[in-house]
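# Architecture and fold: a report
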Amino acid sequence: MQDRLAETSRIRSALVLIPGMVNYFYNLNGRRIAEALRELHFKVDIGQLATCPEREYDWCILVNITEVLAGFGDQAAGLEKIRALRKRCRAMASCSLDCVATPWYHRLQEYCTQAGVEAILDLGLYDQRAYLPEASRAMYHFIPSGLTSSEVRELEAATGTDSERNIPWAFIGHLTPERAAIVDFLIQAVDPRGFVYLPGLAPYTEKGSPHLNQQQFERVLRHTRYQVWCSHHSHFYMEPERFRTSLLTGGVPVKVVESRGKLPKSVPFSYLLVEESQLHERLQERVFRQVRRRFQQDFLRLPRLHGSLADFLVGTQVLRPDEVRTVRGTPWLATLHQVAA
Amino acid sequence: LLLPRSIASALRAVAVLRRQAVPGEVLVIDDGSRDGSLALLRQLETLYFDAGLRVLALARNSGLAAARNHALVQARYRYIVYMDADNEIIPDNLPLFLQALRQTEAAAVYGNLLFRSVTSRCAFHVLSNESVQYRLFEGNYVDAFAMCDRIQVLDAGGYDASCAAHEDYELWLHLVCSGRRIVFVPLVFGYYYMLPSSMITDYEKNNQVNARVQRIFNQVKARKHLPLNTDRLRYHPMLGYL
């Protein structure tokens, strides 16, 4: 009986590994996951592979394994270190923020296999399981990337007037021929005064990169009505970072797709996926508030990030279902199922 | 083929400025042409004089640097935009670049140039798309199609006529090395139309130019250890520095 009580009250521990010096949005997502885990009453350490504590954990998540290895430097030694860490953790996963059809997802999968990481968590807006070959599906877990509690508070605080939202659209990302063509269309057909920043491909570090960092990116979007972008590859993907950043800065994300006819039927926010020829109709100032209200309402219907993570952690027996139900009195599994239904 | 498009866009840009009570003019420098261009330009000047078109004819061909320095001296206003025949400016964005130049007090501001072939209907590349960084010493990525503060460029000595074919690059590095600021504005400034004979496509010559400029400005590779007033300066009139 005492053992059961001890088990009930035991605080779980988690390690969130972030890359540190390479693409900053992985660091940002590491911090988001850490916040979500703390809401699930985990004791969370967050750090880099080179300096992570030599202790045991209930769960470890690498955000993500490819970037963590890049941040470490020596790939072979990094993999060895992750394998050693795996032995000190009850369960281990790598996060993914990628389209599963891309070569970099396959590389991530390979690294996971080599390091003994048993799960890949796709923090996204759309379940990509159907795009994976049968053999790769067991490892894949879709985690709806809803907001954290601090993001909900940020969103509540951000709802104000739009008097300083004077930039009609912004197109930000690394330069590709397709992106240059879309910017040309926006200049000619929509409004020439859009914010355009398309440097060459380089790591998105928090300092010293030609790219905008997260703070600069958000500052631009707070003054912008529509954030427009297109994928830099030909596979379908819903970029969760783009959608969430637009949401939190009070704008509307618009993704340019080659053909709406090719979109999966169940894709969320389909009204924000637009063909180039429709851009001049969709990016009008007069419909901005209406579209933004719909987008905000739809996004808030997504399960919160700690709810999605709780569901996964129960499934992998890192948490027990009754522990999850006690988190702020919210039955997350039930909420998740309701939303899915 | 291209010059009328270039001049027409410049006249529209001046009209946009004038609507905002900012005076402006379009100066066309005829560098001793012998192909009948001057006669055509004089006709255009007559037609569009009230719209701000002025033609200055040099008695003999003097080269790019001399023509641009002539414009520096002859221009009536403080801020100038250098355009080549294969450039087209976006008129509605000109006031924003002017605002950026005034607010930053930089020697020059520049923005994205959409790169099109003469026959294509949309761009496939973007030039002048990043702020000035140390790597400018390794190769030029900022086109001369930019807005300058005439006083600061004159103070710096203008274009160096001895640097044939890389006057623009030399001027940028000279301004940077003499403590002036060059600022990237994240808006589209205009179009660059690529011709088969464009100077930009002469890769062998560009490599030679880069090697020479590096010998002049960065021979011992010490630049990255020296402070520069221009380093990653990005400025948007509605946002300030980014």
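Refer to the structure printed above.
Everything quoted here is computed from the prediction, not taken from an experiment. (Residues numbered from 1 in each chain as written. Chains lettered and ligands numbered in written order. Predicted model: local features only at pLDDT ≥ 70, side-chain atom pairs only at ≥ 80, totals over all residues. Heavy atoms only, no water.)

The number of helices and strands found in chain A is 14 helices and 11 strands. For 341 residues, the compact-globule estimate of 2.2 N^0.38 gives 20 Å, and chain A sits close to it at 21 Å. In terms of principal-axis extent, the alpha carbons of chain A reach across some 70 × 45 × 40 Å. Here chain A holds 341 residues, and 59% of them are scored as buried. Relative to all contacts within chain A whose residues are 6 or more apart in sequence, the contacts with residues 24 or more apart total 74%. Distance between charge centroids for chain A: 3 Å, based on 42 positive and 38 negative side chains. (Helix = DSSP H or I, 4+ residues; strand = E, 2+ residues; numbered from the N terminus. Rg over C-alpha atoms; globule rule 2.2 N^0.38 Å. Buried < 20%, exposed > 50% of the residue type's maximum accessible area, 1.4 Å probe, protein only. Contact = heavy atoms within 4.5 Å. Lys, Arg positive; Asp, Glu negative; His and termini not counted. Charge placed at Lys NZ, Arg CZ, Asp CG, Glu CD.)

The next point concerns the interface of chain B and chain A. Frequently, the measure chosen for interface size is the accessible area removed from exposure when the parts meet. Counting residues at the interface gives 29 residues for chain B and 28 residues for chain A. Carbon and sulfur atoms make up 60% of the surface buried where chain B meets chain A, a total of about 2300 Å² over both sides. Looking at the side of chain B facing chain A, the largest losses of area belong to B:Arg234, B:Leu239 and B:Leu242, adding up to 24% of the total buried there. Inspection of the region where chain B meets chain A yields 1 salt bridge. If you look at where chain B meets chain A, you find 15 residue pairs in polar contact (both at pLDDT 80 or more). Sorting the residues of the side of chain B that touches chain A by element identifies strand S5 (108-117), strand S6 (125-127), strand S8 (182-194) and strand S10 (240-241) of chain B as the ones contributing at least two each. Taken together, the residues that form the side of chain B that touches chain A break down as 16 nonpolar, 7 polar and 6 charged. (Buried area = accessible area lost by both parts, 1.4 Å probe. Salt bridge = Lys/Arg side-chain N within 4 Å of Asp/Glu carboxyl O. Polar contact = N/O pair within 3.5 Å; in protein donor to acceptor, adjacent residues only side chain to side chain. Nonpolar A, V, L, I, M, F, W, Y, C, P; charged D, E, K, R; others polar.)

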